[in-house]
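Report on the structure
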Amino acid sequence: MDRVARLVREIAAADDLGLTLGLVYSDQPAARLEALHDAGRISPLLHAPEIDRDVFARSHTVAMMGVEPIQEALRSGCDVVLAGRASDTALFAALPHMEGADPGLTWHMAKTIECGAACAVPPSANGLLVHLRDDHFDVTTLAEGSRLTPRSVAAHTLYENADPFRVAEPSGTLDTTDATYEAVDERTVRVRGARFVPADGYTNKLEGAALVGYQTVIVGGVRDQVVIKHLPALVPFARKYFADKILDVFGGTVDPADVDIDFRLYGAGAVLAVPEPEPGPARELGVLITVTAPSQETAHAVATFVAHASSHLPIPEYDGLVSTLAYPFSPPETDRGPLYRFTLHHVVTGVTPTELFRTVTEEI
């Protein structure tokens, strides 16, 4: 957000615009989250992991704001508001909600346009135009050669939602059960009937990520049917060999348990992660090898001998040293950098709509 703010300042200065800029920060200090946890005010969402208070010190955490912090900045006179983590829909709902528009229509409108013309036919990254009225809204695609249909607009409520009719927000739930969709013309759909059900208590979702390690990847391929036949048995053999090799190369300073070496065989269920519904011999396989270690240097060093050894795995039917994997790049190792994982899927309860967020205003 600070990087975008610098761009706004540069544009305002170049054109002498004289704007009031509002920055709404959503980052959460670990001490605040620890206090909320100790007070029993952090609750898990469905399938959330078990957490202890130490997770906040290990993670970078943001809270997801609703419309209220954005509205507060607008009411204070901000011409431009840059928000940290917010509900996608809140960005579009804040102003009409503040102006008194019907909340059901407002939130449904915001959900419809949050991804631009993703609900158009064909989908695109272009924008949509909405006319929001007292009892309906009209949504129009702006991209040349695209159209909107009642089905394409209605289908967008399925996007990133487990329930196609209920979309949870910090202040309540959008219910589109009784919504109707009517084609006005090829590019415009009229929507009616959604309602917004206020929540019993206000909540803000927490999202956290922690550093797992660093990755180096190797991409290869194989077409030899003999090699393909033996790969399911060769991969466990290779992992055991590499664990021993790590102890040898690093002189015991790196624990093999701290290094993950993952083989994914594309063409043999790597996407499905289960056996193919119509099993059959693959003509060729793409092989993705991912090495994850505590440091980038360790990940790269391990990947160098993993790549070399994986290109000469022992095949019982062949005598001597044979090539098993072919690499499209030389050297085959590519550093991906740091790897993070989600640590939180929880909400903070008993909060006011703005207390977790910090707003800074400036004249530019």
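For the structure, check the block above.
Residues numbered from 1 in each chain as written. Predicted model: local features only at pLDDT ≥ 70, side-chain atom pairs only at ≥ 80, totals over all residues. Heavy atoms only, no water.

1. Regarding the overall build of the protein chain
We count it as follows: Secondary structure follows DSSP: runs of H or I at least 4 residues long count as helices, runs of E at least 2 residues long count as strands, and numbering of each begins at the N terminus. Partly exposed residues are those whose accessible area sits between 20% and 50% of the maximum for their type, while under 20% is buried and over 50% is exposed, using a 1.4 Å probe and protein chains only. Two residues form a contact once any of their heavy atoms are found within 4.5 Å. To be clear on the numbers: accessible area is Shrake-Rupley with a 1.4 Å probe, and residue cover counts the displayed protein chains and nothing else. In summary, the charge assignment counts Lys and Arg as positive and Asp and Glu as negative, without counting His or the chain termini. Lys charges are placed at NZ, Arg charges at CZ, Asp charges at CG and Glu charges at CD.
When helices and strands are counted, the protein chain shows 9 helices and 16 strands. A principal-axis box enclosing the C-alpha atoms of the protein chain has dimensions of 80 × 50 × 50 Å. Taking all 364 residues of the protein chain together, the buried fraction comes to 42%. Considering only residue pairs separated by 6 or more positions, the protein chain has 71% of its internal contacts joining residues 24 or more positions apart. Carbon and sulfur atoms form 54% of the exposed surface of the protein chain, whose accessible area is close to 19400 Å². Counting 29 positive and 49 negative side-chain charges, the protein chain places the centres of these two groups 3 Å from one another.

2. Quick notes on the environment of Arg151
Looking at where Arg151 falls in the secondary structure, it is placed in helix 7 (residues 150–155). For the pair Arg151 and Ala120, spaced 31 residues apart in sequence, the C-alpha separation works out to 9.9 Å.

3. A short note on the sheet that holds strand 9 (residues 180–185)
Sheet strands pair by backbone hydrogen bonding; their relative direction is either parallel or antiparallel. Cut-off, in case you're wondering: The pairing criterion for strands is at least two bridges between them, as found by DSSP. Only the contacting stretch of a helix is used when fitting its axis, a line to C-alpha atoms as for every element, and angles between N-to-C directions run 0 to 180 degrees.
In spatial order, the strands read 5-6-10-9; together these 4 strands make up an open sheet with antiparallel pairing. Either end of the sheet is taken by a strand with one partner, and the two such strands are strand 5 (128–132) and strand 9. Averaged over all pairs of adjacent strands, the angle between strand axes in this sheet comes to 25 degrees, irrespective of strand direction. With respect to the sheet, helix 6 (residues 103–113) is in contact with strand 5, strand 6 (137–141), strand 9 and strand 10 (188–192), its orientation differing from that of strand 5 by roughly 175 degrees.

4. So, the packing of helix 8 (residues 225–249) against helix 9 (residues 296–310)
Definition in use: The cut-offs work like this: below 35 degrees is roughly parallel, past 145 is roughly antiparallel, 65 to 115 is roughly perpendicular, and the gaps in between are oblique. Less than a right angle of anticlockwise turn of the near helix away from the far helix marks a crossing as left-handed, whereas a clockwise turn marks it as right-handed. Polarity classes work like this: nonpolar for Ala, Val, Leu, Ile, Met, Phe, Trp, Tyr, Cys and Pro, charged for Asp, Glu, Lys and Arg, and polar for all others, with Gly in that last group.
Running from N to C, helix 8 and helix 9 point in directions that differ by 135 degrees, and their axes come no closer than 11 Å. Looking at the two axes, helix 8 sits oblique to helix 9. The hand of the helix 8/helix 9 crossing is right-handed. Taking contact as the criterion, the partners of Tyr241, Phe242, Lys245, Ile246 and Val249 in helix 8 are, on helix 9, Val302, Phe305, Val306, Ala309 and Ser310. Within the contact of helix 8 with helix 9, the residues separate by chemical class into 8 nonpolar, 1 polar and 1 charged.

5. Quick word on the sheet that holds strand 4 (residues 80–83)
Overall, mixed pairing links the 3 strands, which are arranged 4-1-16 in an open sheet. Edge strands, defined here as strands with exactly one partner in the open sheet, are strand 4 and strand 16 (358–363). With strand direction ignored, the average angle separating the axes of adjacent strands in the sheet is 15 degrees. Across the sheet, helix 1 (residues 2–15) lies against strand 1 (20–25), strand 4 and strand 16, angled at about 180 degrees from strand 1, the strand it touches most.

6. A look at the side chain of Thr298
Within the element layout of this structure, Thr298 appears in helix 9. Apart from the residues lying within four places of it in its own chain, the contact partners of Thr298 are Phe250, Val254, Val259 and Ala293.

7. So, the pattern of salt bridges
Note the threshold: A pair is scored as a salt bridge if a Lys or Arg side-chain nitrogen falls within 4 Å of a carboxyl oxygen belonging to Asp or Glu.
Within the structure shown, the criterion is met by 14 salt bridges. Across the pair Arg192 and Glu182 runs a salt bridge whose closest N-O atoms are separated by 3.5 Å. Of this pair, Arg192 sits in strand 10 while Glu182 is found in strand 9, placing the two residues 10 residues apart along the sequence. Looking at Glu182, the relative accessible area reads 40%, which means it is partly exposed. Members of the salt-bridge network, linked through shared partners, are Arg85, Asp88, Lys205 and Glu207.

8. Focus: helix 8
Helical geometry: 3.6 residues make up each α-helical turn, so side chains three or four residues apart lie on a common side. The condition is simple: Note that bend, as reported per residue, equals the angle between axes fitted to the 7 residues terminating at that residue and the 7 residues originating from it.
The principal kink in helix 8, of about 60 degrees, is found at Leu231, preceding the proline Pro232 by one to four residues. Following helix 8 by one or two positions, Gly251 adopts a phi angle in the positive range, close to 60 degrees.

9. Focus: the nonpolar core
This is how the line gets drawn: Take the buried residues of types Ala, Val, Leu, Ile, Met, Phe, Trp, Tyr and Cys, join any two whose side-chain atoms come within 4.5 Å, and each joined set is a nonpolar core.
With 33 residues, the main nonpolar core has Ile261 and Val302 as its most contacted residues. Only strand 12 (203–222), helix 8, strand 13 (260–266), strand 14 (285–293) and helix 9 provide two or more residues apiece to this core. Ranked by the residues each element gives to this core, the list is headed by helix 8, at 8 residues. When near neighbours in sequence (up to four residues on either side) are disregarded, Val302 contacts Ile246, Phe250, Val259, Ile261 and Val291.

10. Details of the layout of surface pockets
This is how the line gets drawn: Cavities and pockets were defined on a 1 Å grid built from protein atoms only: a cavity is a group of points that admits a 1.4 Å probe but offers it no way out, a pocket is an open group of points flanked by protein on both sides within 12 Å along at least five of seven lines, and a lining residue is one with an atom within 4 Å of any such point. Grid points are joined across faces, edges and corners, and a volume is the space filled by probe spheres set on the points.
Of the pockets and cavities examined, the largest pocket occupies roughly 790 Å³. Lining of the largest pocket is provided by 28 residues; of these, Met64, Asn161, Ala168, Glu169 and Lys205 occupy positions nearest its centre. Among the residues making up the lining of the largest pocket, the classes are represented as 10 nonpolar, 9 polar and 9 charged. Put simply, the second largest pocket is a space of about 190 Å³. Elements with a minimum of two residues in the lining of the second largest pocket: helix 8 and strand 13. When residues in the lining of the second largest pocket are grouped by element, the largest group, 3 residues, is from strand 13.

11. Side note on helix 1
The condition is simple: Expected span of a helix: the number of residues minus one, times 1.5 Å.
The first and last C-alpha atoms of helix 1 sit 20 Å apart over 14 residues, in line with the 20 Å expected at 1.5 Å per residue. Packing partners of the buried residues in helix 1 comprise strand 1 and strand 4.

12. Observations regarding the pairing of strand 14
Of all 9 residues making up strand 14, 7 are buried, and the element is well covered by its neighbours. Both strand 12 and strand 14 contribute to a ladder of 9 bridges, which runs antiparallel. What sits directly across from Gln215, in strand 14, is Thr292. Sheet topology note: the strand 13/strand 14 ladder contains 7 bridges and is antiparallel. Along strand 14, the bridge assignment pairs Asp262 with Thr290.

Without other data, these values stay purely geometric and don't point to any function.
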